[in-house]
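Chain residues, written in single-letter form:
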Amino acid sequence: MAEENKKLKIGWFSFSCSEDSTIVFTELMNEHWQEWKKMFDFRHVRVLKSKNIMDEFDIAFIEGAITSDKYAEQLKEIRQKSKKLVAVGACAVQGMPAGQRNFFDEKQKEEIEALIARFAALPKVLRVSEVVKVDAEVPGCPMDPNIFLKVVNELVAELKS
Amino acid sequence: MHTLDLTIENLAKVEGAVSVEIKVSNGKVEYVHFKAVDYKRFFTNAMEGKPIAAIPQLLARICGTCSNAHILCAIEACEHALEIQPSEQTMLLRYLTSYGLMIRDHALHLYLFVMPDVYGKDNFLDFDENKPEEHQLLHDAFDIKAAGNFLSTLIAGRSVHALHPTIGGFLHFPEKEGIGEAIKKLEEIRPAVLRLIKIFEELPWRFDRKTNYMALVSERFGFLNGQIKSSNGEIINESDFRSHLERIVLPYSQASAYKHEQESYMVGALARINVAKDLLHPHTKESAKTALAIFPSTNIYHNNLAQAIEILHSVNDATEILSGREFTPEPVITKPPQEAVGIGVIEAPRGTLYHKVELGSDGIVKGGEVIVPTGQNQVNMEEDIARLVEESLSTKSKEEIQFEIEKLIRAYDPCISCAAHFLKVKWE
């Protein structure tokens, strides 16, 4: 139990995106699973487990763009519960390509208008930093695995110090 | 229990965001809603106005885990529009791209999503390294995934949103050293894949339903070309596939569903092994003889076994292709644009994937359509969930029913990232 308490609490959350960074994360696990199993308490990671706990996180990773008020509220709640928040992948960092409708022409906008209204999506897709404070970013589509590892190592060192 | 309102929000250990809503009154299921819950990203609208060269990389972004399948399917659609005939070497590199994808994607599903249910755990990483059986599974899982990832990276540049495959050929060719390493890694994981097949061969889970199984069947079990065949005996050309499907709008979901000849049908590994097991690599047929004798099967849980067998086929055929030849740089084939419609149909890990590209004579895309496997399996899944719930009401608790539903959905291996993000639905 004591050892469990020392582990860093990790959350991984996906908003509007292809979940490609989640896949890169599961591929990085091929090399790092033994180290991460000892180091991290994967507290809320839907790709790994059903019994997810939404209490507090040392590091929350956010993938995807924010496309609705509901997502914005969820993101604010995660921010409030997390010491560090990291935006991973192009949709979270830049809002693209999930936000490609922001750049549609009038004809294309007209085609999708009814669906935006029906599902109460935001008129403009937002990147994560437009909604909450972001402590670190991992760009790339999908996220760059080397930058991800660098960011993780730096945050682990900071949180353990 | 005669009434039940059950909502499973954001089902875990599947690809993408899905919720399930079930309502039961007087012992009868009123409805099952399998809902894609993420918001649309409008990929088919975004195709309009783009140059054709941009289409494969654009459509890859529909889905992370299936991205290389979307690239291969979009390339085929674009090449059909441009009347480009890829070289023999290009086709072999595409088979290898597909095999890398099948190995890593099926392994992700079987170990990280399904294996916790088999062993009564919540999380694959909770498996105990001090117990020999669980220790072996942990190592097998990540070794198999790593070999698939290595093959994808060697051939296609990346296992997610591959960089090398393009319209008319490849932009980079694997070197001898990497090929040798890939063969070594693939040979090393064969025993692990055989252990995986044994687990799913011996697993006693059953849920039978008779349905029509459909898959693209080619001369070699290679996922990329041929004709669509069904267990009912139909044969459909790729270019005619769409006219055999009827779209069903689901008002409660960000996705829509499809029927064939007014009936539900199933695509995916179970469908492929059911209609084409004779085409598997000879070494696969030999090594998985007892497992293959089970097929054709109507047990949905045998979709897991079929995936494990497909990992073995991918390992065997990839090893043969890589061992048998060298890859030499070839120029990319180009053709001038023309007014045309191109259709691409391939087998993605979860089943038959369809892309349509409408090209203008200026090389600019005017529109398109994408139909993914999960949309085709949706009606089957909802009908199966309804029957499972009705059969379990008198014997199981709400929690047990929920667990059984999740297990059943995972057996289909749905991909909601694919299902939710591209549909161009016209509301009445």
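The structure reproduced in this document is the subject of the present report. This one's a predicted model, so the numbers in the text were calculated from it and none came from an experiment. (Residues numbered from 1 in each chain as written. Chains lettered and ligands numbered in written order. Predicted model: local features only at pLDDT ≥ 70, side-chain atom pairs only at ≥ 80, totals over all residues.)

1. Some thoughts on the overall build of chain A
Formally: Secondary structure is summarised from DSSP: a helix means a run of H or I of at least four residues, a strand means a run of E of at least two, and numbering begins at the N terminus for each. The globule rule used here is 2.2 Å times the number of residues to the 0.38 power, and the radius of gyration it is set against is calculated over C-alpha atoms. The exposure label follows from counting other C-beta atoms within 10 Å of a residue's C-beta, where the C-beta atoms are placed from the backbone and the thresholds are 20 or more for buried and 12 or fewer for exposed, leaving partly exposed in between. Any two residues are considered in contact once their C-beta atoms, placed from the backbone, lie within 7 Å.
On a plain count of helices and strands, chain A comes out with six helices and seven strands. Secondary structure elements in chain A, listed N-terminal to C-terminal, are α-β-α-β-β-β-α-β-α-α-β-β-α. For a compact globule of 161 residues, the expected C-alpha radius of gyration is about 15 Å, and chain A comes in at 17 Å, within 12% of that figure. Oriented by its inertia axes, the alpha-carbon framework of chain A measures out at about 60 × 30 × 25 Å. The proportion of buried residues among the 161 residues of chain A is 44%. Taking all contacts inside chain A whose residues are at least 6 apart in sequence as the whole, residues at least 24 apart take part in 81%.

2. Brief notes about the overall build of chain B
A count of helical and extended segments in chain B gives 13 helices and 14 strands. A compact globule built from 428 residues should have a C-alpha radius of gyration of about 22 Å, and chain B, at 21 Å, falls within 12% of that. With respect to the three principal axes, the spread of C-alpha positions in chain B is 65 × 60 × 35 Å. The buried share of chain B, reckoned over its 428 residues, is 54%.

3. Brief notes about the interface of chain A and chain B
To keep things clear, this is the line we draw: Each residue is assigned to one class: nonpolar for Ala, Val, Leu, Ile, Met, Phe, Trp, Tyr, Cys and Pro, charged for Asp, Glu, Lys and Arg, and polar for all the others, Gly among them.
At the junction of the two partners, chain A supplies 38 residues and chain B supplies 38 residues. Among the elements of the structure, α2 (20-39), β4 (66-68) and α5 (106-118) of chain A are those that each provide at least two residues to the side of chain A that touches chain B. With ten residues, the top contributor of residues to the side of chain A that touches chain B is α2(A). Its residues assigned to classes, the side of chain A that touches chain B shows 17 nonpolar, twelve polar and nine charged.

4. Some remarks on the environment of B:Glu238
Residues and elements named next belong to chain B. Locating Glu238 in the fold gives a position in the loop between β8 (235-236) and β9 (245-249). Look at Glu238 and you get buried, because 20 C-beta atoms sit within 10 Å. A sequence separation of 116 residues divides Glu238 from Tyr354, and the C-alpha atoms of the two residues are 8.7 Å apart. Ignoring anything within four residues of it in the chain, the contact list for Glu238 reads Ile228, Ile343 and Val345.

5. Some words on the sheet that holds strand β2 (residues 18-25) of chain B
Residue and element names in this part refer to chain B. Which entries qualify depends on this criterion: Paired strands, as defined in this entry, are two strands with at least two bridges between them according to DSSP. Axes here refer to lines fitted to C-alpha atoms; in helices the fit is confined to the stretch in contact. Angles between the N-to-C directions go from 0 to 180 degrees.
A sheet is described by the order of its strands in space; here three strands give the open sequence β1-β2-β3, paired in antiparallel fashion. Only two strands of the sheet have a single neighbouring strand rather than two, namely β1 (4-8) and β3 (28-36). Taking the axes of each pair of neighbouring strands and ignoring which way they run, one obtains an average angle of 5 degrees across the sheet. Here helix α12 (residues 398-412) sits on the sheet and contacts β1 and β2; the angle it forms with β1, its principal contact strand, is near 45 degrees.

6. Topic: the pairing of strand β14 (residues 365-371) of chain B
Residues and elements named next belong to chain B. Relative to β14, strand β13 (residues 351-359) runs antiparallel, the two sharing six bridges. Residue pairing for β14: Val357 is matched across the bridge by Gly368. In sequence, β13 turns back onto β14 through a hairpin of five residues, with Gly363 there showing a positive phi of about 85 degrees.

7. Topic: the sheet that holds strand β7 (residues 227-230) of chain B
Residues and elements named next belong to chain B. Pairing within the open sheet is mixed, and its four strands lie in the order β8-β7-β6-β11. Since the sheet does not close on itself, it has two edges, and those belong to β8 and β11 (265-266), each with one partner. Where β7 and β8 come together, two bridges link them in antiparallel fashion. From the neighbouring strand, Ile228 faces β8, where its bridge partner is Ile236.

8. What to know about α5(A)
Residues and elements named next belong to chain A. Spelled out, the test is: A helix is expected to span 1.5 Å multiplied by its residue count minus one. What we call the bend at a residue is the angle made by axes fitted to the seven residues finishing there and the seven residues starting there.
For α5, with 13 residues, the first-to-last C-alpha span of 19 Å sits near the 18 Å given by 1.5 Å per residue. Helix geometry: α5 is bent most strongly at Ile112, by close to 45 degrees. The element α5 is largely exposed, with a buried count of one among its 13 residues. Positioned one or two residues after α5, Ala120 has a phi angle of 50 degrees, which is positive.

9. Quick notes on the environment of B:Ala74
All names here are of chain B. Among the secondary structure elements, Ala74 is positioned in helix α3 (residues 67-82). A tally of 29 C-beta atoms within 10 Å means that Ala74 is categorised as buried. Once residues within four sequence positions are removed from consideration, Ala74 is found in contact with Ile55, Pro56, Leu59, Gly344 and His355.

10. Observations concerning the packing of α2(A) against helix α5 (residues 132-156) of chain B
Let me state the cut-off plainly: Any angle from 65 to 115 degrees is called roughly perpendicular, while one under 35 is roughly parallel, one over 145 is roughly antiparallel, and all others are oblique. Note on convention: near helix rotated counterclockwise from far helix by under a right angle means a left-handed crossing. Clockwise means right-handed.
Between α2(A) and α5(B), whose axes approach to 9 Å, the crossing angle comes to 135 degrees. Taken together, the axes of α2(A) and α5(B) are oblique relative to one another. Regarding α2(A) and α5(B), the two cross each other, and that crossing is left-handed. From α2(A), A:Glu27, A:Met29, A:Asn30 and A:Trp33 reach across to α5(B), where they touch B:Phe142, B:Lys145, B:Ala146 and B:Asn149. A breakdown of the residues in the contact of α2(A) with α5(B) according to their chemical character gives four nonpolar, two polar and two charged.

11. A short note on unusual backbone geometry
The peptide bond linking A:Cys141 to A:Pro142 adopts the cis configuration, its omega dihedral lying at 5 degrees. In the segment running from B:Phe295 into B:Pro296, the intervening peptide bond is cis, with an omega of 0 degrees. Mapped onto the secondary structure, B:Pro296 falls in the loop between α9 (289-292) and α10 (302-324). If you check the backbone angles, B:His161 has positive phi at about 50 degrees while not being a glycine. As for its position among the elements, B:His161 is in the loop between α5 and β4 (165-166). Overall, B:His161 belongs to the buried group, with 24 C-beta atoms counted inside 10 Å. Although it is not a glycine, B:Gln262 adopts a positive phi angle of roughly 65 degrees.

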